[in-house]
Amino acid sequence: MDAIVAERLTKCFNGLKAVDSVTFRVREGEIFGLLGPNGAGKTTLLKMLATLLKPTSGSARVCGYDVVSDADEVRRRIGVVFQEPTLDIKLTAFENLDFHARMYGMGKEERRRRIREVLRLVGLEDKADVLVENFSGGMQRRLEIARGLLHSPEVLFLDEPTLGLDVQTRKSIWEYIKERNEEEGVTVVVTTHYMEEAEFLCDRVAIMDFGKVIAAGTPESLKASCGSAVITIAVDGSAQSRSRNQDGVAEAERLAAILSELEFVEEAGVRGCGRGRGSVVEVNVRGSGETCIPELVLAAAKAGIGIKSLSFRKPTLEDVFLKLTGREIRDEGEGGFKDFVRWTHVLWHRRRR
Amino acid sequence: MKTKLADVINPSAIYTLWLRETIRFFRLRSRVLGSLGMPLFFLAFLALLPVEPSSVHGLRYIDFLAPGIIGMTLLFSSTFAGLSVIWDKEFGFLREIMVAPVSRVSIILGRIAGGMTTSMFQGILMLLAAFPMGFRIRGLPSGGEATTLAILIGVLLSVLFMILISATFIGMGVAFASKLKDMSGYSLVMNFLVFPIFFLSGALFPLDDFPRWMRMLAYADPLTYGVDALRRCLVGVGEFPLLLDFAALALSGAVTVWLGAYLFERAEG
């Protein structure tokens, strides 16, 4: 049976479509990722599945129950860890968990046993009687995850579970989620805009952008759509005609056009990033990536284009997103100019629909 | 769809919410002290005014004032308890409550039970604080001597009225909290609603002294009946029959609690 079935799920806020006719299924026992940039509609989608927002149209079933008409049945079977903290900081860790356990109707013995269990799992057993306001961000996060699992839910929703955490804490939380999934068989739905997170954790991923799911599948199959390897070539524009072709943009474009013709090349294009903007060519290749390199170099030499450097890597989900949308998934810090540009873009896009 | 009563009214969830509220309340002792400060100073300083007994139903002013100040304490602490929904919204804990498999009715009942406990506690503390300032309970039957039985009945009845006053204003607080997005609306409610309710209630001086239009407003103020009932129960003097006080407060309590529950239910988390 499928743990989650969403059909043409839509949510509008003041006429803007935050989630736009999304259809997908999550199988029982898998870790399913919703990957996308900020503002893609992941959190709104998750809130609808967790019965906190009513869909504008479309429907969703969680554990076989409708999220609108059977909201209480759904709530009984899910655990939710929100993006923002939702702990009572004036209570101790134990009191927070005890509150949760009581709200879910757990008996006294079961409460004690499970609270001890989950506290040990997240390594907070000696902090049970400490007020949560004295916890660090990572400790609070761990406590929230422990709480989400306390009542042994069938589906656990995690909204950006490692947002703002340091690398070590993030790693340990990933491993912890994986363990819970493997040992207790809990289905996990996780939203994230970290590709590494989606790649490390998820059995399957749906990539979201502007409220829509634009691709779905296992991380491997999604990455395979970008070929077997990504080769980045920095073009040396200084060799000739520097005065005419600043930074060798034209050279790079010429090279991309030539390489696109090669039969083992999936796609080749000029990529801009930072100061080297325009003089870098990215090539997605099929087959064994390493063996392609000599041929690429040869083709460049034949055309008389100098190569400054060349690097080789496996494709990531970032490449998938880039290929599908022409943009990068990473957010460049909040409130910056790029964010502003992105948001005007978001609004413009949605108004047009 | 089948709905059982146990699904709508869930005693263990109500108890859980009540428990949390009381734990928090007694943990934040400075808040208790702080919230009692204002009514305490009102009582201490106003009681010094040279008010003729003839102008306050033939009572010493402290005896007239103390029930009013207890009403004030209940008004402020209950409204605050209701508005604490906003705190939970700001600190995110409301989400944890909203996503639990507990009906909205039980959530609101738990909150009201918790708020009632804490504001009753403050009201009774205020009552006790009035004694050293010269306040004396005379019990229910007006005039005459204060018999032990009269005092006992008076105190028990006043507790009942304290409950009704609390319910009314917690309901009001929850209704506003469901509509307000953050704490910035809080002072607006406090200054433009709670203070007028207090001044109009006849807690500080008898309604007879009000101009006619103000009396009309006072009759629409639930606290007027609350203060009147407390005065009747504790010192044996009041303007309205006790039954009218009870009916008015029961009605206002039912209305605000229903309104609070209705608006809370409709608010999306």
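Residues numbered from 1 in each chain as written. Chains lettered and ligands numbered in written order. Predicted model: local features only at pLDDT ≥ 70, side-chain atom pairs only at ≥ 80, totals over all residues.

A short note on the overall build of chain A
To keep things clear, this is the line we draw: Here a helix means four or more residues in a row that DSSP labels H or I, a strand means two or more in a row labelled E, and each is numbered from the N terminus. The contact criterion used is a C-beta to C-beta distance within 7 Å, with each C-beta placed from the backbone.
Along the backbone of chain A there are 12 helices and 14 strands. Considering only contacts in chain A between residues 6 or more positions apart, those separated by 24 or more positions represent 69%.

Some remarks on the overall build of chain B
Spelled out, the test is: C-alpha atoms define the radius of gyration, and 2.2 Å times the number of residues to the power 0.38 defines the globule rule.
Of regular secondary structure, chain B possesses 11 helices and 0 strands. In chain B, the order of α-helices and β-strands from amino to carboxyl end is α-α-α-α-α-α-α-α-α-α-α. In summary, chain B has a C-alpha radius of gyration of 19 Å against a globular reference of 18 Å for 269 residues, a match within 12%. Overall size of chain B, expressed as C-alpha extent along the three principal axes, is 60 × 40 × 40 Å.

Overview of the confidence of the model for chain A
The condition that has to hold: pLDDT: the predictor's confidence for each residue, scored from 0 to 100.
The pLDDT averaged across chain A works out to 84; a share of 88% of its residues lies at or above 70. Within the model, pLDDT remains below 50 along residues 331-336 of chain A, and this stretch shows 7 contacts once partners closer than five positions in the same chain are excluded.

Points about the packing of helix H3 (residues 29-46) of chain B against helix H6 (residues 104-130) of chain B
All names here are of chain B. The line we're drawing: Orientation is described by lines fitted to C-alpha atoms, with helices fitted over the stretch in contact, and by angles between N-to-C directions that extend from 0 to 180 degrees. Any angle that is under 35 degrees is reported as roughly parallel, and any over 145 degrees as roughly antiparallel; angles of 65 to 115 degrees are reported as roughly perpendicular and all others as oblique. In this scheme the handedness of a crossing depends on how the near helix is turned from the far one: anticlockwise by less than a right angle means left-handed, clockwise means right-handed. The nonpolar class holds Ala, Val, Leu, Ile, Met, Phe, Trp, Tyr, Cys and Pro. Asp, Glu, Lys and Arg form the charged class, and all remaining residues, Gly among them, are polar.
Interaxial distance between H3 and H6 falls to 11 Å at its minimum, and their mutual angle equals 40 degrees. Between H3 and H6, the angle falls in the class oblique. As for the relative orientation of H3 and H6, their crossing is right-handed in sense. In this structure, H3 contributes Val32, Ser35, Leu36, Pro39, Leu40 and Leu43 to the contact, and H6 contributes Gln122, Leu125, Met126, Ala129 and Ala130. Its residues assigned to classes, the contact of H3 with H6 comprises 9 nonpolar, 2 polar and no charged.

Observations regarding helix H9 (residues 249-260) of chain A
Count 3.6 residues to each turn of an α-helix, and residues three or four apart come out pointing the same way. All names here are of chain A. Filter applied, for reference: Each helix should span, by expectation, one fewer than its residue count multiplied by 1.5 Å. A residue is called partly exposed when the number of other C-beta atoms within 10 Å of its own lies between 12 and 20, exposed at 12 or fewer, and buried at 20 or more, with C-beta atoms placed from the backbone. Of all possible arcs, the one meant is that of the directions from the helix axis to the C-beta atoms.
The end-to-end C-alpha distance of H9 is 17 Å, a good match for the 16 Å that 12 residues give at a rise of 1.5 Å each. Restricting attention to buried positions, one finds in H9 the residues Glu251, Ala252, Leu255, Ala256 and Leu259. Around the axis of H9, the buried residues are gathered within 135 degrees of arc, so they sit on the same side.

Re the interface of chain B and chain A
The partner chain A presents 23 residues to the 22 residues of chain B that form the contact. Only helix H2 (11-27) and helix H5 (93-98) of chain B provide two or more residues apiece to the side of chain B that touches chain A. With 7 residues, H2 of chain B is the largest single contributor of residues to the side of chain B that touches chain A. Of the residues contributing to the side of chain B that touches chain A, the split by class is 11 nonpolar, 4 polar and 7 charged.

Description of the sheet that holds strand S5 (residues 65-66) of chain A
Residue and element names in this part refer to chain A. Short version of the rule: In this description, strands pair whenever DSSP reports at least two bridges between them.
In spatial order, the strands read S2-S1-S4-S5; together these 4 strands make up an open sheet with antiparallel pairing. Edge positions in the sheet fall to strand S2 (16-27) and S5, since each has one partner strand and no second. Where strand S1 (residues 2-13) lies against S2, 8 bridges are found, and the strand directions are antiparallel. If you follow Phe13 over to S2, its bridge partner there is Leu16. Where helix H1 (residues 42-49) meets the sheet, its contacts fall on S1, S2 and strand S4 (57-62), and the angle it forms with S1 comes to roughly 120 degrees.

Thoughts on the domain arrangement of chain A
Quite often, the size of an interface is put as the accessible area lost when its parts meet. This is how the line gets drawn: In this document the domain limits rely on a domain assignment from an automatic tool or a database.
For chain A, the assigned domains read domain 1 (2-223) and domain 2 (227-314). Placing the centre of domain 1 of chain A and that of domain 2 of chain A at their C-alpha centroids yields a distance of 42 Å.

A look at the environment of Leu19 of chain B
By the secondary structure assignment, Leu19 of chain B is in helix H2. Between the C-alpha atoms of Leu19 of chain B and Val159 of chain B, which are 140 residues apart in sequence, the distance is 21 Å.

A closer look at the nonpolar core
Put simply, the test is: Any nonpolar core is a set of buried residues, restricted to Ala, Val, Leu, Ile, Met, Phe, Trp, Tyr and Cys, that join up through C-beta atoms within 7 Å.
Judged by nonpolar contacts, the single largest core of 165 residues is most densely connected at Leu49, Phe157 and Val281 of chain A. With 16 residues, helix H4 (residues 61-90) of chain B is the single largest residue contributor to this core. If you count residues domain by domain, this core takes at least three from each of domain 1 (2-223) and domain 2 (227-314) of chain A. Excluding its chain neighbours within four sequence positions, the residues that come into contact with Val281 of chain A are Ile233, Val235, Ala252, Leu255, Ala256, Leu259, Ala268 and Val270 of chain A.

Some thoughts on the sheet that holds strand S11 (residues 229-236) of chain A
Residues and elements named next belong to chain A. The 4 strands are arranged S12-S13-S11-S14 in an open sheet whose pairing can be described as antiparallel. At either end of the open sheet lies a strand with only one pairing partner, and these are strand S12 (265-271) and strand S14 (306-313). Taken pair by pair, the neighbouring strands of this sheet meet at an average axis angle of 20 degrees, ignoring direction. Examined bridge by bridge, S12 and strand S13 (residues 280-285) share 6 bridges and lie antiparallel to one another. Bridging across to S13, Arg271 finds its partner in Val280. Each of S11, S13 and S14 is contacted by helix H10 (residues 289-302), which is oriented at about 25 degrees to S11, the strand it contacts most.

Describing the environment of Ser35 of chain B
Residues and elements named next belong to chain B. By secondary structure assignment, the location of Ser35 is in helix H3. On a C-alpha basis, the gap between Ser35 and Phe80 in space is 9.6 Å, while along the polypeptide they are 45 residues apart. Setting aside residues no more than four positions away along its own chain, Ser35 makes contact with Phe76, Ser77, Phe80 and Gln122.

Comments concerning the environment of Ile115 of chain A
Note on placement: Ile115 of chain A falls in helix H4 (residues 108-121). Each C-alpha atom of the pair Ile115 of chain A and Gly217 of chain A lies 36 Å from the other, and the pair is 102 residues apart in sequence.

Some remarks on unusual backbone geometry
The backbone phi angle of Ser21 of chain A is positive, close to 50 degrees, even though this residue is not glycine. Counting through the fold element by element, Ser21 of chain A comes out in strand S2. Accessibility expressed as a C-beta count within 10 Å gives 14 for Ser21 of chain A, which makes it partly exposed. Phi angles above zero are rare outside glycine, and His57 of chain B is one such case at about 60 degrees.

Observations concerning H3 of chain B
As a reminder, the rule being used: Across the chain, bend at a residue is computed as the angle between axes fitted to the seven residues ending at that point and the seven starting from it.
The end-to-end C-alpha distance of H3 of chain B, which contains 18 residues, comes to 26 Å, matching closely the 26 Å that a straight helix rising 1.5 Å per residue would cover. By the largest-angle criterion, Gly37 of chain B marks the main kink of H3 of chain B, which is about 35 degrees, and a proline, Pro39 of chain B, follows within four residues.

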